[in-house]
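Topology and contacts: notes
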Amino acid sequence: MATKKIEETVSLRDALGEFKETKNIDRTTMMSVLEECFRSVIAHTYGTDENYDIIVNPDKGDFEIYRNRVVVADGEVKDPNMEISLSDARKVEDDYEIGEDVTEQVKMSDFGRRAILTLRQTLASRILELEHDTLYNQYKDREGEIISAEVYQTWKREALLLDDEDNELILPRQEQIPSDFFRKGETARAVILSVDNTNGKPKIILSRTSPLFLQRMLEQEVPEISDGLITIHKIARIPGERAKIAVESYDGNIDPIGACVGVKGSRVHGIVRELRGENIDVINYSTNIKLFITRALSPAEVNNIEINEEDHTANVYLDPEQVSLAIGKGGLNIKLASMLTGYTIDVFRETMEGDDNDDVRLDEFTNEIEPWIINELKKLGLETARDVLGASRDFLIQEADLEEETVDEVLSILAAEFEGNA
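Only a predicted model underlies this, so the values are computations on that prediction, with no experimental measurement involved.

Side note on the pairing of strand 7 (residues 168-172)
Within strand 7, 4 of the 5 residues are buried, which leaves it mostly tucked inside the rest of the structure. Sheet analysis places strand 6 (residues 158-162) next to strand 7, joined by 5 bridges and oriented antiparallel. In the sheet register, L162 faces strand 7, and the bridge partner there is E168. Remark: 5 residues form the turn of the hairpin made by strand 6 and strand 7, two consecutive strands paired antiparallel; D166 in that turn has positive phi of roughly 65 degrees.

Here is the structure:
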């Protein structure tokens, strides 16, 4: 039994040693928690801890416990934990008298094996809780910051990264750029998107697809932004493909677009590489929504815009040759413009008077062309037969996402309409 007590005491000292080595826990908190754990075990063992003094020395990994009892006459001890008989008191010091306080050191082995195990488990649990709380508070204050961390493991749904203190960071697949590919040991950059503390276990989520990631990189690369001379009002991204950024300068001598792009694109080259070739368009912000939409649809040249502020829609009218520019490859340009401005944008071709007297709207071909094909063509701003015939075959195949045979059949049907009228 004595051997077991010694072993458990050593085990407890090991627990104190672990606590001493625990990172990011200040000394005051450490002392408080250690005393709290000791008092919990004492109260559980003796029913109260109010007559105990506890001295913890975490630097040395040791501790001292003293019990205070009142001296009473022999045979009148009612509570051995709070009182001590006169004869027992005089075994400690031979000059004690009734009513005086006796202070004795209590060995941890006197508490018993179960109490020592309970104390060790309580300490281990509190250490883990403190580490989690410290980690949560440390990263909660850093939400929105860019961090560089080492890739430790990659899975299908997420990647696990480690910071300089070996804290675990999660980069979910949906927060990765589609062409991202990480190897173990590589360093990856991302923005701290959120810190969750569900069930007391912090979960730090990173992102490389958030507009905030692009914004923070611009702030690092463009001094005028970090100095407050240029403001980023809005960012719209399709990660790994293209992004549009609306900026505004508060200094008339500063060109916000030129400052963000840099000489020959020097300030965005590094960002573009980090974003796996994502093209970045920088435009001037405006509170005039028509002007803002016009700029957002660049490089297309807009003739006129009709705004419906109630349902946030905009009808944009352009020359026929500008429609494909406004829509962009795969519809990216118009999609990003809508995201940036907050308006649903529909584009329409404008033709010179007399050019389409014999034109026919696509809706009139529903008996010959399936409605879903007509809808796909209308999404590209092609409303009439001549609109479609005026577009290139390759454009229709790529942008409407139609099979070559389908496009050829549609062109043949529409062309036959005008041959019959010739």
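More follows now that the structure is in view.
Remarks on the sheet that holds strand 15 (residues 344-349)
The strand order across the open sheet formed by 3 strands is 13-14-15, and the pairing between neighbours is mixed. Each edge of the sheet is formed by a strand with only one pairing partner; in this case those strands are strand 13 (302-308) and strand 15. Strand after strand, the sheet turns through a mean of 20 degrees between neighbouring axes, direction not considered. Pairing of strand 14 (residues 313-318) with strand 15 involves 6 bridges; the strand directions are parallel. Counted as the bridge partner of V316 is V347 from strand 15. Along the sheet face, helix 9 (residues 289-296) touches strand 13, strand 14 and strand 15 and points at about 130 degrees away from the line of strand 13. Lying on the sheet, helix 10 (residues 320-327) is in contact with strand 14 and strand 15; it crosses strand 15 at an angle near 155 degrees.

Looking at the nonpolar core
If you look at the biggest cluster of nonpolar residues, it comprises 49 residues, and the most contacted ones within it are I293, V316, V347, L377, V388 and L396. Ranked by the residues each element gives to this core, the list is headed by helix 15 (residues 404-421), at 6 residues. Other than its neighbours up to four places away in sequence, V388 contacts L362, L377, L382, L396, V410, L411 and L414. Counting 22 residues, the second largest nonpolar core, distinct from the first, contains I230, I232, I235 and I271.

Definitions and limits used
Note on numbering: residues in each chain are counted from 1, in written sequence order. Reporting of local features is limited, given that this is a predicted model, to residues whose pLDDT is at least 70; pairs of side-chain atoms are given and counted only at 80 or more, and all residues count toward the totals for whole chains, interfaces and linings. Note: side-chain values were computed over all heavy atoms of the structure, leaving out hydrogens and water. The cut-offs for exposure are 20% and 50% of the maximum accessible area for each residue type, with area from a 1.4 Å probe on protein chains only; residues under the lower value are buried, those over the upper are exposed, and the others partly exposed. Numbering of helices and strands runs from the N terminus, with a helix taken as a DSSP run of H or I at least four residues long and a strand as a DSSP run of E at least two residues long. Here, strands pair whenever DSSP counts at least two bridges between them. Axis definition: a line fitted to C-alpha atoms, over the contacting stretch in the case of helices. Angles run 0 to 180 degrees between N-to-C directions. Pairs of residues are marked as contacts when any of their non-hydrogen atoms sit within 4.5 Å. Remark: nonpolar core denotes a set of buried residues (Ala, Val, Leu, Ile, Met, Phe, Trp, Tyr, Cys) joined through side-chain atoms within 4.5 Å.

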